[in-house]
Structure formats: C-alpha cells, structure tokens
Amino acid sequence: MSTIKTTTLSTQGGSTVPMDTVVNGTAKAWVNFNGQGTVAIRRAFNVSSITDNGTGDYVINFTNAMVDGSYLVGGSAGGNQDTSRGFVGMMSVYTATAPTAAACRVAFGLGSNTVGNGQLYDSVYSYVAIFR
C-alpha cells in the first residue's frame, strides 16, 4: 500500500481544501434507509447493514470499523404522512448500548410537542451520519 502525504488538496478549477478538513471534517459513514416493515437501505457510505431491533430501534453496522466508539452520531427521520402521530424527527444514540468501532445503536422517536414524545416510531425516511 502506498501513502500520499500532503497538506492541501486542490481541484482543477483551483479551489483548495486543507487535508485536515478532509480527514477530520467529513462523514465517516452515513445511511438513508426505510425503517418501516423490512428495513431497506436506499443509499449508504461505509454502512454494511442495519439490524432492526423493533419499533424505531436500529443498529447501524459499519463496512470498515471506526478506530473506537468515540464519534458523533446525528440523524433525523420523517415522511410518514401520519398526521395523527406528529412528525418523526428525534434521533438519539441508544443509551443502553455504547457505540463501538463496529456499530452504533440508534433510536427514532416522535417529535411533536403534543403527541407521543419519546415514543419510538418506524419512519419511512430515516437518516444517520457518523463523524469522527
């Protein structure tokens, strides 16, 4: 394997970006998936599969492991068109399971001020991004 060492990358048009931004400032994994019924990945980067643990509760499995479990997980969901349930929009790292180098567990819940706060919910459009 070869190693290229540089401090700056540039495009053919002359735009530049520091390598530190590329290495430390880009998503190390992301996924867009359907969380209803049989979970289906629409598009992903560095995500090999998703384990469905029940309503609104998933494990995101990485293709290439992270260095450790110290990374940021962010996400959101929506698109259910279920007006009686509020909107799905809250996502959190599942607190009972610490993130590992191989995977992280996430939970999606209702985000309405009046309906089902904290209730886990499967969403047709679920999004997760991991930064390290």
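Up top you'll find the structure we're talking about.
Residues numbered from 1 in each chain as written. Predicted model: local features only at pLDDT ≥ 70, side-chain atom pairs only at ≥ 80, totals over all residues. Heavy atoms only, no water.

### A word on the overall build of the protein chain
As a reminder of what qualifies: Under the DSSP-based scheme used, a helix requires at least four consecutive residues in state H or I and a strand at least two consecutive residues in state E, with every element numbered from the N terminus. Partly exposed describes any residue whose relative accessible area lies between the buried limit of under 20% and the exposed limit of over 50%, with all areas from a 1.4 Å probe on protein chains only and scaled to the type maximum. Contacts are assigned to residue pairs that have any heavy atoms within 4.5 Å of one another. Note on areas: Shrake-Rupley with a 1.4 Å probe; residue coverage comes only from the protein chains shown.
If you tally the helices and strands in the protein chain, you get 1 helix and 10 strands. Across the 132 residues that make up the protein chain, the buried fraction comes to 30%. A fraction of 53% describes how many contacts in the protein chain between residues 6 or more apart in sequence connect residues 24 or more apart. Of the roughly 7800 Å² of accessible surface on the protein chain, 53% is carried by carbon and sulfur atoms.

### Here we look at the sheet that holds strand β10 (residues 125-131)
Strand pairing in a sheet relies on backbone hydrogen bonds. The paired strands run either parallel or antiparallel. Condition: DSSP-based pairing: two strands are paired if at least 2 bridges between them are found. For helices, the fitted axis covers only the stretch in contact; all axes are lines through C-alpha atoms, and the angles between them, taken along N-to-C directions, range from 0 to 180 degrees.
Across the sheet, 4 strands lie side by side as β4-β3-β10-β7; this open sheet has antiparallel pairing. Looking at strand neighbours, the two that pair on one side only are β4 (40-45) and β7 (72-78), the edges of this open sheet. Strand-to-strand, the axes of this sheet are offset by a mean angle of 15°, without reference to chain direction. Where strand β3 (residues 27-34) meets β10, 6 bridges bridge the pair, whose relative direction is antiparallel.

### A look at the pattern of salt bridges
This is how it is decided: By definition here, a salt bridge exists when the distance from a side-chain nitrogen of Lys or Arg to a carboxyl oxygen of Asp or Glu is within 4 Å.
In this structure the tally under the stated criterion is 2 salt bridges. The partner of R105 in a salt bridge is D57, and the shortest N-O contact between them spans 2.6 Å. Taken together, the residues span a long stretch of sequence, with R105 in strand β9 (residues 103-110) and D57 in strand β6 (residues 57-62) at a distance of 48 residues. Given the relative accessible area of 5%, D57 is considered buried.

### Overview of unusual backbone geometry
Here N46, not a glycine, exhibits a phi torsion of approximately 60°, which is positive. Relative to the assigned elements, N46 resides in the loop between β4 and β5 (47-54).

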